[in-house]
Amino acid sequence: MNEPTSPSLIPGQTPSQTLPANKPSVGDSGVKVTALLGGVGGAKLAWGLAQLLPPQHLTLIVNTADDFEHLGLHISPDLDTVMYTLANLANPQTGWGIRDESWNMMAMLGRYAGPTWFRLGDGDLATHLLRSSWLHEGFPLTWITRELCKLLGVRHTVLPMTDAPVRTVVDTDEGSLSFQEYFVRHQWQPIVRSIHFKGIESAQPTQEVVASLRAADVILFCPSNPFVSLDPILALPAIRRMLAASRVPRVAVSPIVAGQAIKGPTAKIMRELGLEISPVTVAQRYRDLLTGFVLDRQDEAMRATVATELGLHPLVTDTVMQSDAARIQLARQVLEFAAQP
Ligand code: FO1
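The shown structure was predicted, so the numbers you read here are calculated from the model rather than taken from an experiment.

Draft legend 1. Broad picture of helix 5 (residues 141-152). With 12 residues, helix 5 extends 16 Å from end C-alpha to end C-alpha; this agrees with the ideal 16 Å at 1.5 Å per step. The set of residues buried in helix 5 consists of Leu141, Thr142, Ile144, Thr145, Glu147, Leu148 and Cys149. Next to the buried residues of helix 5 lie helix 2 (77-86), helix 4 (122-136), strand 5 (157-160) and helix 7 (207-215).

Draft legend 2. Molecular detail of the sheet that holds strand 13 (residues 292-296). The 7 strands lie next to each other as 5-2-1-9-10-13-14, forming an open sheet whose pairing is parallel. What marks the edges here is a single partner per strand, and that holds for strand 5 and strand 14 (313-317). When strand polarity is set aside, the average angle formed by the axes of neighbouring strands in this sheet is 20°. Here strand 9 (residues 218-221) pairs with strand 10 (residues 250-253) via 3 bridges, running parallel. Looking across to strand 10, one finds that Leu220 is bridged to Val251.

Draft legend 3. Spatial organisation of the sheet that holds strand 8 (residues 192-198). Pairing within the open sheet is antiparallel, and its 3 strands lie in the order 7-6-8. Each edge of the sheet is formed by a strand with only one pairing partner; in this case those strands are strand 7 (175-178) and strand 8. Neighbour to neighbour, the strand axes of the sheet diverge by 25° on average, direction disregarded. Sheet topology places strand 6 (residues 167-172) next to strand 8; 6 bridges connect them, and they run antiparallel. Residue pairing in the sheet places Val170 in a bridge with Ile195 of strand 8. In this fold helix 8 (residues 226-234) packs onto strand 6 and strand 8, with an angle of close to 30° to the strand it touches most, strand 8.

Draft legend 4. Local environment of the pattern of salt bridges. Considering all chains together, one arrives at 8 salt bridges under this definition. Between Arg285 and Asp231 there is a salt bridge, and its shortest N-O distance comes to 2.4 Å. Remark: Asp231 occurs in helix 8 and Arg285 occurs in helix 11 (residues 279-286); sequence separation between them is 54 residues. With relative accessibility at 32%, the residue Arg285 sits in the partly exposed group. Residue class for Asp231 comes out buried when judged on its relative accessible area of 10%. Notably, a salt bridge pairs Asp324 with Arg327, separated by 4.0 Å at the nearest N-O pair. Of this pair, Asp324 and Arg327 both sit in helix 13 (residues 324-338), 3 residues apart, which is roughly one turn of that helix. By relative accessible area, which is 16% here, Arg327 ends up buried.

Draft legend 5. Looking closely at the side chain of Asp231. Within polar-contact distance, the side chain of Asp231 engages the side chain of Arg285 at 2.4 Å. When neighbours within four sequence positions are excluded, Asp231 is seen to be in contact with Phe197, Pro226, Arg240, Arg285 and Tyr286.

Draft legend 6. Region of interest: the packing of helix 4 against helix 5. Direction vectors running N to C along helix 4 and helix 5 enclose 145°, while the axes themselves pass 10 Å from each other. Here helix 4 runs over helix 5; the crossing is right-handed. Across the interface between the two elements, Thr127, Leu130, Arg131, Trp134 and Leu135 from helix 4 touch Leu141, Trp143, Ile144, Glu147, Leu148 and Leu151 from helix 5. Among the residues making up the contact of helix 4 with helix 5, the classes are represented as 8 nonpolar, 1 polar and 2 charged.

Draft legend 7. Structural context of the environment of Ala252. Following the sequence through the fold, Ala252 ends up in strand 10. Residue Ala252 is classed as buried on the basis of its relative accessible area of 2%.

Draft legend 8. Main features of the site of the ligand. Among the 14 residues in the neighbourhood of the ligand, the closest are listed as Asp66, Asp78, Arg119, Gln180 and Val184. For the ligand, an oxygen atom lies 2.9 Å from a polar atom in the backbone of Arg119. Side-chain polar atom of Gln180 to an oxygen atom of the ligand: 2.8 Å apart, as the coordinates give it. Burial of the ligand by the surrounding chains reaches 91%, relative to a free accessible area of 530 Å². Of all elements in the fold, only helix 2 and helix 6 (179-185) reach the threshold of two or more residues within the shell around the ligand. Considering only residue class, the shell around the ligand consists of 8 nonpolar, 2 polar and 4 charged.

Draft legend 9. Seen up close, the nonpolar core. Ranked by internal contacts, the top residues of the largest apolar core, which has 50 residues, are Leu36, Leu213, Phe221, Leu243 and Phe293. In terms of residue count, the dominant contributor to this core is helix 8 (5 residues).

Draft legend 10. Up close: the pairing of strand 9. Burial along strand 9 is two-sided: the residues Val218 and Leu220 and Ile219 and Phe221 are all buried. The pairing of strand 1 (residues 33-37) with strand 9 spans 4 bridges and is parallel. Counterpart to Thr34 in the pairing with strand 9 is Ile219.

Draft legend 11. How the structure looks around unusual backbone geometry. Residues other than glycine seldom take positive phi values, yet Gln187 does so here, at roughly 50°. Relative to the assigned elements, Gln187 resides in the loop between helix 6 and strand 8. Positive phi, normally seen in glycine, also occurs at Trp188, with a value near 45°. Along the polypeptide, Trp188 turns up in the loop between helix 6 and strand 8.

Reading the values: rules and limits
- Residues numbered from 1 in each chain as written.
- Predicted model: local features only at pLDDT ≥ 70, side-chain atom pairs only at ≥ 80, totals over all residues.
- Heavy atoms only, no water.
- Helix = DSSP H or I, 4+ residues; strand = E, 2+ residues; numbered from the N terminus.
- Expected span 1.5 Å × (residues − 1).
- Buried < 20%, exposed > 50% of the residue type's maximum accessible area, 1.4 Å probe, protein only.
- Contact = heavy atoms within 4.5 Å.
- Pairing = 2+ DSSP bridges.
- Axes fitted to C-alpha atoms, helices over the stretch in contact; angles between N-to-C directions.
- Salt bridge = Lys/Arg side-chain N within 4 Å of Asp/Glu carboxyl O.
- Polar contact = N/O pair within 3.5 Å; in protein donor to acceptor, adjacent residues only side chain to side chain.
- Left-handed = near helix turned anticlockwise from the far one by under 90°.
- Nonpolar A, V, L, I, M, F, W, Y, C, P; charged D, E, K, R; others polar.
- Near = heavy atom within 4 Å.
- Areas by Shrake-Rupley, 256 points an atom, 1.4 Å probe, with all protein chains shown as cover.
- Core = buried A, V, L, I, M, F, W, Y, C linked by side-chain atoms within 4.5 Å.

Pasting the structure below:
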């Protein structure tokens, strides 16, 4: 199969809004997919994609701006959520942490009146201990992630967006909060005034991330929170330019369905930032980086806006993934949609 050559990414080249002609069909074994994602919602689609694509044809670029130091440990929640989900280890109720977990460490921490607001299961703790000790020995997060995935039998490639420290800071009516303080300790109730990513100016995407974007025949934005999961990845130098200049199909799946976020604070943040709570808001935000946008059936009415006003190919389908079969079905439809001429 004459695989399309990944275009050399010429900065500033105006991307054609229409899907390029030389598009691989999803059935081709050669279709290489690179997906950008954050936590629980994105990981569900990543799992679906991993059931359809061989390991060497799916690379996941994961947000690390949720990372934080806690009890002397470096914790990378989105990397762990993706890794556990692909390893079929994730807690099915929460999406984060490990299924059938025990909580003996937390119980003892509570006896010491330690910080129990961020719940660390005994098995999950092993991940944080190993990652932290390897980081202290000087190993980069990319190497550590590859090792942990290998040891858990995860064969698809999970890439931290950068090996540099980048931290989401949420400025709220209760002050500036780290992401986990905002999201977990305060249960995302503080009113968001602005969001920024500390350290982003001096961070670089890893060479593995750049290579996977260059090699991709299809690039996907998983249904993750745009503000705190996808924006940190897109804020890394050169990533936006690479995506805007790319000539392969680039498709985002809306994290907003019928005016609601499936999970988490996306809709609430939109409201607090004065944005309309709609898939169109997400499509507008990324329109210069995309060729296609996936809406849920409940948002069929927005198909025309996405297609005519935003010039994006629309796909309207069931995007709420409430079962393994639904995750695979959405993944299959997104891949077929991206491969359409
Ligand atoms: N989310 C919570 O809402 N409460 C928790 O106690 C919690 C603990 C936790 C431990 C490890 C981990 O990898 C993730 C954890 N999460 C928890 C999720 C975490 O806040 C993520 O940042 C979200 O999933 C958003 O990506």
